[in-house]
Amino acid sequence: METLTMSRKERRRLELCGRVKRGELSLTKAAELAGLSYRQAKRVYRRYREESDRGLVHRLRGRPSNRCGDPGRREQAVALYRDHYHDFGPTLATEYLAREHRLVVGVETLRRWLVREGLWQVKRKRSVHRRWRARKEHRGEMVQVDGSHHDWFEGRRAWACLMVMIDDATNYTYARFFEEETTVASMTTFSRYVNQHGLPRSLYVDRSGIYEPTRSATVDEALAETGPLTQFGRAMRELDVKLILARSPQAKGRVERRNAVFQDRLVKALRLAGISDLEAANRYLEEAFLAELNRDRKSVV
């Protein structure tokens, strides 16, 4: 004897069709009870008469979903992810699969495949507890600056510092590697940025000793009402660039979020490119990574 698997809705339709067949209900009343239009009810009842109980079972029951994708393509994508991109998020992984392997897969499709294979876990989004400051309206009006100390080369060499500058209005980003976050590193990064994009009107920085003086004002400085300045601060005063000291890391949210992108994507890119020294890393930044990162930035005059 054949066993049919039916949903609750299908069992309800079976009951109503049986009552119509026995003359206990009109087809119009059965359609109303089933939540169907009269035309749909006629179609359902016709299948019931022609095929009995089987006619009420969904036609796709037991067949693979049309959304499951080509099994061979799925196996190839999962194998490549497992072998090369095991710590990549689905979004970044789809970019590399398309660029390096010519395998185009939708982000949500890949995410679903990885979850099914136990290679990715769905992460809950944390609620936003701060209001973001509105962007500046014009390019160069304010540039955020920060140094990000990180194991950029995953143990292939010592930790380094990535000096990052991001335009507040456009998200245009410049970055360069140094051994440490120093005045020289800050000056060099600023100089290279200015040579490419002009002088910004203000810099938004943290309260490190590079930007905020740790000594008290001298008598001459107090009389002149200039206050103490660091070497970097004096340079900015000569250039008429306003130096804004942030009160918290959250205040520099744009550059902090950019650092997170670098610590995710750049680390993986350096690994895949086999780069383990600062000179090669800076060349890769200039010639490849930054151009791709800035490609989809906001366009503001």
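Just so it is clear, the model here is predicted, and its values are computed rather than measured.

Here is what the cut-offs are and how they apply
Residues numbered from 1 in each chain as written. Predicted model: local features only at pLDDT ≥ 70, side-chain atom pairs only at ≥ 80, totals over all residues. Heavy atoms only, no water. Salt bridge = Lys/Arg side-chain N within 4 Å of Asp/Glu carboxyl O. Helix = DSSP H or I, 4+ residues; strand = E, 2+ residues; numbered from the N terminus. Buried < 20%, exposed > 50% of the residue type's maximum accessible area, 1.4 Å probe, protein only. Arc of directions from axis to C-beta. Contact = heavy atoms within 4.5 Å. Patch = residues over 30% accessible without salt bridge, like charges linked within 9 Å, V, L, I, M, F, W, Y side chains within 5 Å. Areas by Shrake-Rupley, 256 points an atom, 1.4 Å probe, with all protein chains shown as cover. Lys, Arg positive; Asp, Glu negative; His and termini not counted. Charge placed at Lys NZ, Arg CZ, Asp CG, Glu CD. Core = buried A, V, L, I, M, F, W, Y, C linked by side-chain atoms within 4.5 Å. Pairing = 2+ DSSP bridges. Axes fitted to C-alpha atoms, helices over the stretch in contact; angles between N-to-C directions.

### Overview of the pattern of salt bridges
The final tally for this structure, using the stated rule, is 19 salt bridges. In this structure, Glu117 engages Arg82 in a salt bridge whose closest nitrogen and oxygen atoms are separated by 4.0 Å. Of this pair, Glu117 sits in helix H6 (residues 107-117) while Arg82 sits in helix H4 (residues 71-84), placing them 35 residues apart in sequence. Look at Glu117 and you get partly exposed, because its relative accessible area is 42%. When the shortest N-O distance is used, the salt bridge between Glu108 and Arg111 registers 3.2 Å.

### Remarks on helix H9 (residues 231-239)
Of all the residues in H9, the buried ones are Phe232, Gly233 and Met236. Axial view of H9: buried residues confined to an arc of 100°, hence all on one face. Pointing more than 90 degrees away from the buried face of H9 are the exposed residues Gln231 and Glu238. Among the structural elements, helix H7 (183-197), strand E4 (202-205) and strand E5 (242-245) are those in contact with the buried residues of H9.

### Considering a positive patch on the surface
Residues Arg39, Lys42, Arg43, Arg46 and Arg49 make up a contiguous surface patch of positive charge. You can call Lys42 partly exposed: its relative accessible area is 42%.

### Comments concerning the nonpolar core
Core analysis: the biggest nonpolar cluster contains 56 residues, and Trp152, Leu162, Phe177, Leu203, Phe262 and Leu266 have the highest contact counts within it. The residues contacting Leu203, other than those within four sequence positions of it, are Val143, Val145, Met165, Phe190, Phe232, Met236, Val241, Lys242, Leu243 and Ile244. Formed by 15 residues, the second largest nonpolar core is a distinct cluster that contains Cys17, Leu36, Tyr48 and Val57.

### Things to note about the sheet that holds strand E2 (residues 160-167)
Read from one edge of the open sheet, 5 strands run E3-E2-E1-E4-E5, paired in mixed fashion. Across the chains shown, the open sheet's two edge strands, defined by having one partner strand only, are strand E3 (173-178) and E5. Strand-to-strand twist across the sheet, computed as the mean angle between neighbouring axes with direction ignored, equals 25°. As defined by bridge partners, strand E1 (residues 143-150) adjoins E2 across 8 bridges and the pair is classed as antiparallel. The residue bridging Val143 from the neighbouring strand is Asp167, located in E2. In the packing of helix H11 (residues 278-294) onto the sheet, the strands contacted are E2 and E3, and the crossing angle to E3 comes to about 165°.

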